[in-house]
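A look at the structure
Each chain is listed here by its residues.
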Amino acid sequence: MTQNYQNMASALIHGGFSNDPWTGSVNVPIYQTSTYAQRGLGELVGGYEYSRTGNPTRAALESLMAELEEGVAAFAFATGMAATTAVLSLFHAKDRILISQNVYGGTYRVLANVFDHIDVQFSIVDTTDSRALENAMTADVKAILIESPANPLLTVTDIAAVASVAKKYGVITIVDNTFMTPYLQQPIRLGADIVLHSGTKYLGGHSDLLAGIVVVNSHALAEKIAFIQNATGGVLQPFDAFLLIRGIKTLGVRMDRHVENAEAIARYLQRHPAVKKIYYPGLEEAQGHHIQLKQARNGGAMISFELTEHYDYRKFFSAVRLVTLAESLGGVESLVCHPSTMTHAAFPKELRDKIGITDGLIRLSVGIEDKQDIVDDLEQAISFAEF
Ligand SMILES: *Cc1c(COP(=O)(O)O)cnc(C)c1O
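I will try to describe carefully the structure that is included in this document. (Residues numbered from 1 in each chain as written. Predicted model: local features only at pLDDT ≥ 70, side-chain atom pairs only at ≥ 80, totals over all residues. Heavy atoms only, no water.)

The next thing to look at is helix α14 (residues 371-384). Its 14 residues give α14 an end-to-end C-alpha distance of 20 Å, which sits within 8% of 20 Å, the value for a rise of 1.5 Å per residue. Summarising the contacts, the buried residues of α14 are in contact with α10 (251-271), β11 (302-307), α12 (313-319) and β14 (362-365). The opening residue of α14, the one whose side-chain oxygen lies 2.9 Å from the backbone nitrogen of Q372, is D370. (Helix = DSSP H or I, 4+ residues; strand = E, 2+ residues; numbered from the N terminus. Expected span 1.5 Å × (residues − 1). Contact = heavy atoms within 4.5 Å. Polar contact = N/O pair within 3.5 Å; in protein donor to acceptor, adjacent residues only side chain to side chain.)

And the structure:
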């Protein structure tokens, strides 16, 4: 492909679609259609026959995402969980998938309560420890599924190290790249076979849509996911595909600002006497900080923290004003959530305790508001929470 650009910031704006051949429209039209007229039996006009199988607006998004993640092909789904479900549909009864200790609660839930119906097995492994990972590589393992930094403790896993273990044993590496986006981290370049996204988060960026993306790095996987996408049907609608493309155009400028704010807020929280623990891979002292800087552009914009025993986290959540108490992340607005009762409620309590998702853990998705306004709001909410 000949392109008029070299860098990600331009690819975000120009990737996947170049002006509509009919009108010159600089944006992809919303092809709000379920079906396509055929000239004769088997004679398609533009290669499309039914929108579950393919739709030009969705196709523009899919080729944009394949380009950004440097994959062979991409597939757009109705939600991140529909994308995850499509990927998990690659596996059969008795296959085993290794997952990181902290992954998105919904990923755990679909494995533990849906894929267990067809006897797909999974084990939770500390993927930051390559010896633990190698020890878990039994003959039934077919894939390793990781997030880095992972949800909600921002645990950093060395993606290249995991991919090299996976290659040694002939299994595939799946990386949920939702927290980083291709602007900050490109797992396929680090050896991953499949990249997953909840497009609902940073890619869309405005908390106004749900979407999921699968990117694959081989033709064989592309064929399988295309089959599963069409067969199971959880596709993204044309209007949402358009909105997601529109969101991605500003991903670079948004991420730069998200990260600038997050770095300032992490330093503020780190110094704060009310803060007992802080998890942010952009801090020098954080677990995996050097691996993070090796494999990603910076620490991203998700921060988790705990207040000391002199503060009541419930009061903190009820006192935030600019920062909104809500599920989700990655939008322009700052959000806080309570992982143990919200995003990770699907994890059994013993598992939450074991991996450090305490009842007092607060997860903050740093938005792109003025950073002093965010700090001021956190400050007043922390003061209010004091016993
Ligand atoms: C939100 C999220 C998902 C699920 O995506 P939905 O669009 O909500 O279905 C998967 N992985 C991560 C890391 C997420 O944050």
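Once the structure has been displayed, the description carries forward.
Here the focus is the packing of α10 against α14. Viewed as axis vectors pointing N to C, α10 and α14 meet at an angle of 30 degrees, and their least axial separation amounts to 10 Å. Relative to α14, α10 is oriented so that their crossing is right-handed. Residues E260, N261, A264, I265, Y268 and L269 of α10 form the contact with α14, whose participating residues are K371, I374, V375, L378, E379 and I382. In terms of residue class, the contact of α10 with α14 is made up of 8 nonpolar, 1 polar and 3 charged. (Axes fitted to C-alpha atoms, helices over the stretch in contact; angles between N-to-C directions. Left-handed = near helix turned anticlockwise from the far one by under 90°. Nonpolar A, V, L, I, M, F, W, Y, C, P; charged D, E, K, R; others polar.)

Where strand β4 (residues 96-100) meets strand β5 (residues 121-125), 5 bridges bridge the pair, whose relative direction is parallel. Paired with I97 across the bridge in β5 is F122. Between the parallel pair β4 and β5, the chain is carried across by helix α4 (residues 105-113), and the sense of this crossover is right-handed. (Pairing = 2+ DSSP bridges. Right-handed = clockwise from strand over helix to strand, strands pointing away.)

Attention now moves to the layout of surface pockets. If you add up the space inside the largest pocket, you get close to 480 Å³. Those elements that provide at least two residues to the lining of the largest pocket are α1 (8-14), α2 (56-68) and α9 (238-249). Split into classes, the residues belonging to the lining of the largest pocket amount to 10 nonpolar, 10 polar and 3 charged. Estimated volume of the second largest pocket: approximately 390 Å³. Residue composition of the lining of the second largest pocket, grouped by class: 13 nonpolar, 4 polar and 1 charged. (1 Å grid on protein atoms, 1.4 Å probe; cavity = no way out; pocket = protein on both sides within 12 Å on 5 of 7 lines; lining within 4 Å. Points joined across faces, edges and corners; volume = space filled by probe spheres on them.)

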